[in-house]
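These are the residues of each chain, in order.
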Amino acid sequence: MSGHNHMKLSFASRSENESFARVTVAAFITQLDPTLEQVDEIKTVVSEAVTNAIIHGYEGRTDGIVTVEAELDGDMISLSVSDQGKGIEDLELARQPLFTSRPELERSGMGFTIMENFMDEFDVVSSEAGGTSLRMKKRIESKKALFN
Amino acid sequence: MRERFVELVTRQAGYGEGEMRMSLQVELEQQRNVLIVRLRGELDHHTADIVRFKMEDAIMRGRCDHVVLSLKELQFMDSSGLGVILGRYKLLKSRGGKMVVCDTQPGVKRLFELSGLFKILSFYDSERLAVAGLEVVS
């Protein structure tokens with residue numbers, strides 16, 4: 001694929017939109033001809049990020065807005081997932097495997113670890129007033145690219 | 001004796017392919033003191049509650065000692081799924097029971113590996129082997 005392509009999706013912070021978001025992004029990235037494993041990784045990452053926005057950012061409120069953006073440039077996927085909810089107090093702690101701020105909700109504390117593992121680049125910007133924004137990148141060495 | 005009851009869960013409209021119309025289906029089957037829990041579809045934060053509720057209900061009513069999680073048709077799972085599985089594992093363990101997993105898809109299996117749950121749960125290739133494995137310990 002040549003040139004940029006871009007999508008932006010905004011939706012209510014409702015849990016039924018978690019699957020809507022991951023399936024939409026998965027459909028968008030198929031133009032890079034990713035493997036099934038790569039599609040699975042992107043779906044999982046989107047699911048983790050959107051779930052975090054709903055549970056932690058908006059603390060279960062359904063009147064918030066979650067925004068997912070994806071950009072394709074060559075074989076690179078850039079993803080951003082943002083909310084305007086409550087920011088993350090201690091980023092270092094939040095990124096520790098198995099840490100969760102909501103143990104009563106049976107969170108596994110693996111969300112950040114999974115996102116960092118499945119993406120090549122991972123960055124979090126969070127503030128109390130402005131909410132949280134995750135920015136991530138992943139290179140897709142597609143079958144198409146191999147034949148070029 | 002064999003008791004079989006099927007629970008269907010359809011909380012959300014489908015997006016994309018036809019088979020995704022159903023977000024998660026939970027099927028419970030009792031084989032002596034073993035509860036087989038078959039999950040079909042997608043296990044995420046939205047669908048985790050129903051798995052928690054169904055399994056908790058069956059375990060607390062004392063109908064089973066052990067659980068086989070049968071995941072052949074579980075197409076997707078994220079860390080919310082790991083959370084609910086870990087929670088039920090702890091509950092069973094506190095009651096002296098065991099949880100084993102069988103038939104995982106590659107993507108789901110990878111998440112178990114990444115989270116370390118692979119080390120505390122036993123994994124089998126089929127339901128038959130999983131039940132057989134449990135009957136040795138029960």
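Residues numbered from 1 in each chain as written. Chains lettered and ligands numbered in written order. Predicted model: local features only at pLDDT ≥ 70, side-chain atom pairs only at ≥ 80, totals over all residues.

### A look at the overall build of chain A
The cut-off we apply is this: A run of DSSP states H or I qualifies as a helix once it reaches four residues; a run of E qualifies as a strand once it reaches two. Both are numbered from the N-terminal end. With the radius of gyration taken over C-alpha atoms, the globule rule is written as 2.2 Å times the number of residues to the power 0.38.
Along its length, chain A carries 5 helices and 5 strands. Ordered by position from the N terminus, the helices and strands of chain A form the series β-α-α-β-β-α-α-β-β-α. Computed over its C-alpha atoms, the radius of gyration of chain A comes to 15 Å, within 12% of the 15 Å expected for a compact globule of 148 residues. In terms of overall dimensions, chain A has C-alpha extents of about 50 × 30 × 25 Å along its principal axes.

### Digging into the interface of chain B and chain A
The test is simple: Note that contacts rest on C-beta atoms placed from the backbone: two residues are in contact if these are within 7 Å. Polar here means any residue other than Ala, Val, Leu, Ile, Met, Phe, Trp, Tyr, Cys and Pro, which are nonpolar, and Asp, Glu, Lys and Arg, which are charged; Gly is therefore polar.
The interface is formed by 22 residues belonging to chain B together with 21 residues belonging to chain A. Where the side of chain B that touches chain A is concerned, the elements lending two or more residues are α1 (45-60), α2 (79-94) and α3 (106-115) of chain B. Sorting elements by how many residues they give to the side of chain B that touches chain A places α2(B) first, with 7 residues. Residue classes in the side of chain B that touches chain A are distributed as 7 nonpolar, 11 polar and 4 charged.

### Considerations on the pairing of strand β6 (residues 99-102) of chain B
On a regular strand, one side chain projects to one face of the sheet and the next to the other, so that they alternate. Residue and element names in this part refer to chain B. For clarity, the threshold we go by: We call a residue exposed when 12 or fewer other C-beta atoms sit within 10 Å of its C-beta, buried when the count reaches 20 or more, and partly exposed for counts in between; the C-beta positions come from the backbone. Whether two strands pair depends on DSSP finding at least two bridges between them.
Of the two faces of β6, the one holding M99 and V101 and the one holding V100 and C102 are both buried throughout. As judged from the 4 bridges shared by strand β4 (residues 66-70) and β6, these two strands associate in the parallel manner. From the neighbouring strand, S70 faces β6, where its bridge partner is C102. Looking at chain direction, β6 and strand β7 (residues 122-124) are connected through 3 bridges and run parallel. Following the sheet pairing, C102 is matched in β7 by Y124.

### As for α2(B)
All names here are of chain B. Note the following rule: What a helix is expected to span follows from its residue count: subtract one and scale by 1.5 Å.
With 16 residues, α2 ought to run about 22 Å at 1.5 Å a step, and its terminal C-alpha atoms sit 23 Å apart, in line with that. Buried within α2 we find S79, S80, G81, L82, G83, V84, I85, L86 and R88. Looking one or two places after α2, you find G96, whose phi comes out positive at around 80 degrees.

### Let's talk about the sheet that holds strand β5 (residues 131-139) of chain A
Note: strands within a sheet are paired through backbone hydrogen bonds, in either parallel or antiparallel orientation. Residues and elements named next belong to chain A. Heads up, the condition is: Where helices are involved, their axes are fitted lines through C-alpha atoms of the stretch in contact, as for all axes, and angles between N-to-C directions lie from 0 to 180°.
The strand order across the open sheet built from 5 strands is β1-β2-β3-β5-β4, with neighbouring strands paired in antiparallel fashion. At either end of the open sheet lies a strand with only one pairing partner, and these are β1 (4-12) and β4 (121-127). When the angles between neighbouring strand axes are averaged without regard to direction, this sheet yields 10 degrees. Pairing of β1 with strand β2 (residues 65-73), which is carried by 9 bridges, proceeds in the antiparallel orientation. From the neighbouring strand, M7 faces β2, where its bridge partner is A70.

### Description of the confidence of the model for chain B
Close reading of the predicted structure is inappropriate where its pLDDT is low. Residue and element names in this part refer to chain B. For clarity, the threshold we go by: pLDDT measures how confident the predictor is about each residue, on a scale from 0 to 100.
In the predicted model, chain B carries a mean pLDDT of 85, and the fraction of residues at 70 or more is 82%. Across residues 1-21, where pLDDT falls below 50, the model places 30 contacts with residues more than four positions away in sequence or in other chains. Across the interfaces of the predicted complex, the ipTM metric reaches 0.90, alongside a pTM of 0.88.

### Considering the packing of helix α2 (residues 36-57) of chain A against helix α4 (residues 111-118) of chain A
All names here are of chain A. For the record, the criterion: By definition, any crossing whose near helix is turned counterclockwise from its far helix by less than a right angle is left-handed, and any crossing with a clockwise turn is right-handed.
Interhelical geometry of α2 versus α4 gives an angle of 145 degrees and a closest axis separation of 9 Å. At the point where α2 passes α4, the crossing takes the left-handed sense. Each of E41, T44, V45, E48, A49 and N52 in α2 lies in contact with α4, whose residues at this interface are G111, I114, M115 and F118. Its residues assigned to classes, the contact of α2 with α4 shows 5 nonpolar, 3 polar and 2 charged.

### Thoughts on the nonpolar core
Rules: A set of buried residues drawn from Ala, Val, Leu, Ile, Met, Phe, Trp, Tyr and Cys, joined through C-beta atoms within 7 Å, is what defines a nonpolar core.
Formed by 64 residues in total, the largest nonpolar core has its most connected members in A:V45, A:V46, A:V50, A:V81, B:V37 and B:V68. Setting aside anything within four residues of it in sequence, one finds B:V37 in contact with B:V26, B:L28, B:M55, B:V67, B:V68, B:L69 and B:S70.

### Structural notes on the environment of A:E37
Mapped onto the fold, A:E37 is located in helix α2. Sequence separation between A:E37 and A:V25 is 12 residues; the distance between their C-alpha atoms is 15 Å.

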